[in-house]
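This is what each chain is made of:
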Amino acid sequence: MDQPLKNEIASRRTFAIISHPDAGKTTMTEKLLLFGGAIRDAGTVKGKKSGKFATSDWMEIEKQRGISVTSSVLQFDYDGKRVNILDTPGHEDFSEDTYRTLMAVDSAVMMVDSAKGIEPQTIKLFKVCRMRGIPIFTFMNKMDRMGKEPLELMEELEEVLGIESYAMNWPIGMGKEFTGIYDRHNRRVELARAEGDGRFLEIGEDGDLAEPNPIQDSSYYQQALEDILLLDEAGNSFDVERVRKGELTPVFFGSALTNFGVQTFLETYLQFAPEPQPRKTADDSEINPYDDEFTGFIFKIQANMNPAHRDRIAFVRIVSGEFDRGMQVTVPRIPKTFKVSQSTQFLADDRETVNTAVAGDIIGLYDTGNYQIGDTITGGKGRFAFEALPQFTPELFVRVSPKNVMKSKHFHKGILQLVQEGAIQYYKTLHTEEVILGAVGQLQFEVFEHRMKNEYNSEVNMEHIGSKVARWIENEGDVKESMTGPRSMLVKDRYDRLVFLFENDFALRWFQDKHTDIKLYSLL
Ligand code: G4P
């Protein structure tokens, strides 16, 4: 690979922002885009309120409910780096989508509402990042409001999440008294209510500001100095290697809404966030970003983003090499080779055609029904697959059928496409081949029903069969249908694997006691 291409790849920073809903992810994304010059007006990203970012009919649901269902990709250049931000749905019913998106990033930014501390959804998402060993940068948001004490927040972070932390900066006061931040990393104090040159004050060798200065008599500043002394003595030291391994999270304090501390965060983050990382294959080898051959995998498929075109887009994380529009790509699963003539990259309020993109970037390929979520794509002759994307064990199930049997073609097409997108999980009963859908959260069914009607002109009957405990089987050959009883059923998943659906944990245990030779397992 030539040096200019290597440099291009090394300049990529691809990450997702994770948080509990309302911690400020959308606000932060918007501020980062403003710095990156990718948008001009605040409010552009806030599709859920302004409606500008809504790109398809079914996003009506998002608007109505004020939640973000889809993940989108945003890109901008800053400080010689090309930044790719992958947005993730905040609502837990769509966590499968979020988990898949986290497979496509090299690091994550975790937003915490400093009044609320570490919330349940943050814990879940954090665990996925941990499993993948990706570096996590923490932003303690909403310092312009009264919240928990910063030391308490740091303690909570370490205790609840079990990760060590290092405060890159420290707030001076909070709420109405939020005066600024003591930036340990850049050795300066950034004042909240100052403009231009007066905004930054240099910290001396002794860790203090030279006098006179505007905050020397502030009790909040004195408190911050005391806290920092404590951190210096008893806290962790900064170690970039440990950050890269996901063992230590750098913590930044600030306020996304008032835009305080965001730029410093971005600049410091870009300095330490990893460049594109290698990815594992199904047979446990690795593909390096600097390999010549173009490779990637599909982590998301979204249909009908543009209602005028009724199109479907497969989002590809490029793992290695360079993508050129017009190139031949192969999907080893099918296996089939296509010429890619239509591809796209994403901006905040627009899409533009992409001609080239490199490892670390996300591109969208127009799809006429060839791709599936999790597909590997290569530009060469390689026949391999990247490691599988995580699939959840669904807990909720419905039996579905078309309201109008004359329209069963639409029904099956809709289901096929929505299943390929990963919007919902597909099962069927053994002989009658009735369709059963599985979901992690109830909202997935609502989106399914809405999309079937609006996009596939297919109204569906949905019979809720309630929550079930789903278990896959290691030794399928030993399973007999007679093993099922009134509190369990046997179905097949979309890959034709057998799955037991148990009424509850009790029924599962009863089965296991009776059939000790059958080895059951759950997915994520
Ligand atoms: P999310 O994407 O993580 O769900 O959060 P979002 O950015 O939508 O922010 C949730 C709410 O928190 C919004 O208020 C937003 O304005 C507010 N917020 C975000 N960052 C800060 C901050 O630094 N300080 C303060 N005080 N508030 C912040 P909202 O009332 O729900 O929406 P809006 O009507 O203000 O847009």
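Residues numbered from 1 in each chain as written. Predicted model: local features only at pLDDT ≥ 70, side-chain atom pairs only at ≥ 80, totals over all residues.

### What to know about the overall build of the protein chain
Looking only at helices and strands, one finds 13 helices and 31 strands in the protein chain. In the protein chain, buried positions account for 44% of the 524 residues. The long-range share in the protein chain, meaning contacts at least 24 apart out of those at least 6 apart in sequence, stands at 69%. (Helix = DSSP H or I, 4+ residues; strand = E, 2+ residues; numbered from the N terminus. Buried ≥ 20, exposed ≤ 12 C-beta atoms within 10 Å, placed from the backbone. Contact = placed C-beta atoms within 7 Å.)

### A word on the site of the ligand
Lining the immediate environment of the ligand, one finds 17 residues, of which G24, K25, T26, T27 and L257 sit closest. Residue contributions to the shell around the ligand peak at three residues, all from helix α2 (residues 25–35). The residue inventory of the shell around the ligand, partitioned by class, reads four nonpolar, seven polar and six charged. (Near = placed C-beta within 6 Å. Nonpolar A, V, L, I, M, F, W, Y, C, P; charged D, E, K, R; others polar.)

### Examining the nonpolar core
Formed by 90 residues in total, the largest nonpolar core has its most connected members in A108, I298 and V316. Per element, the largest residue contribution to this core is six residues, and it comes from strand β15 (residues 312–320). Each of domain 1 (17–72 + 89–272) and domain 2 (279–378) gives at least three residues to this core. Contact partners of V316, with chain neighbours within four places excluded, come to G296, F297, I298, I362, I363, L365 and I377. Core analysis: the next-biggest nonpolar cluster, separate from the first, contains 29 residues, V400, A423, I424 and A470 among them. (Core = buried A, V, L, I, M, F, W, Y, C linked by C-beta atoms within 7 Å. Domains from an automatic or database assignment.)

### Considerations on the environment of K245
Within the secondary structure, K245 is located in the loop between α9 (240–244) and β11 (248–253). Sequence spacing of K245 and I134 is 111 residues, and the spatial spacing of their C-alpha atoms is 6.6 Å.

### Focus on the pairing of strand β1 (residues 12–19)
The element β1 is largely enclosed, with a buried count of eight among its eight residues. Both faces of β1 are covered, namely the face carrying R12, T14, A16 and I18 and the face carrying R13, F15, I17 and S19. Of the pairings in the sheet, the one linking β1 to strand β3 (residues 81–86) comprises five bridges and is parallel in character. From the neighbouring strand, F15 faces β3, where its bridge partner is I85. (Pairing = 2+ DSSP bridges.)

### A short note on the sheet that holds strand β10 (residues 200–202)
Ordered in space as β7-β8-β9-β10, the four strands form an open sheet in which the pairing is antiparallel. Of all strands in the sheet, those bounded by a partner on one side alone are β7 (169–172) and β10. Across this sheet, the average inter-strand angle for adjacent strands is 20°, counted without regard to direction. As defined by bridge partners, β7 adjoins strand β8 (residues 180–183) across four bridges and the pair is classed as antiparallel. Along β8, the bridge assignment pairs P171 with I181. Lying over the sheet, helix α8 (residues 219–234) contacts β7 and β8, oriented at roughly 150° with respect to β7. (Axes fitted to C-alpha atoms, helices over the stretch in contact; angles between N-to-C directions.)

### Considerations on α2
For α2, a buried count of 10 out of 11 residues is recorded, marking the element as mostly surrounded by other parts of the structure. Residues K25, T26, T27, M28, T29, E30, K31, L32, L33 and L34 constitute the buried set of α2. Against β1, β2 (73–78), β3, β4 (107–113), β5 (136–141) and α10 (262–272) lie the buried residues of α2.

### Examining helix α6 (residues 120–132)
With 13 residues, α6 extends 19 Å between its outermost C-alpha atoms, agreeing within 8% with the 18 Å of an ideal straight helix rising 1.5 Å per residue. Backbone geometry just after α6 places G133 at a positive phi near 70°. (Expected span 1.5 Å × (residues − 1).)

### A few points about unusual backbone geometry
Going from E211 to P212, the amide bond is cis rather than trans, its omega being 0°. Mapped onto the secondary structure, P212 falls in the loop between β10 and α8. Of note in this structure, D284 is not a glycine but carries a positive phi near 70°. Mapping D284 onto the fold places it in the loop between β12 (279–280) and β13 (286–287). The residue N457 is not glycine, and still its phi comes out positive at about 55°. Its place among the elements puts N457 in the loop between α12 (442–456) and β27 (460–467).

Such coordinate-based values are descriptive only and should not be taken to indicate function.
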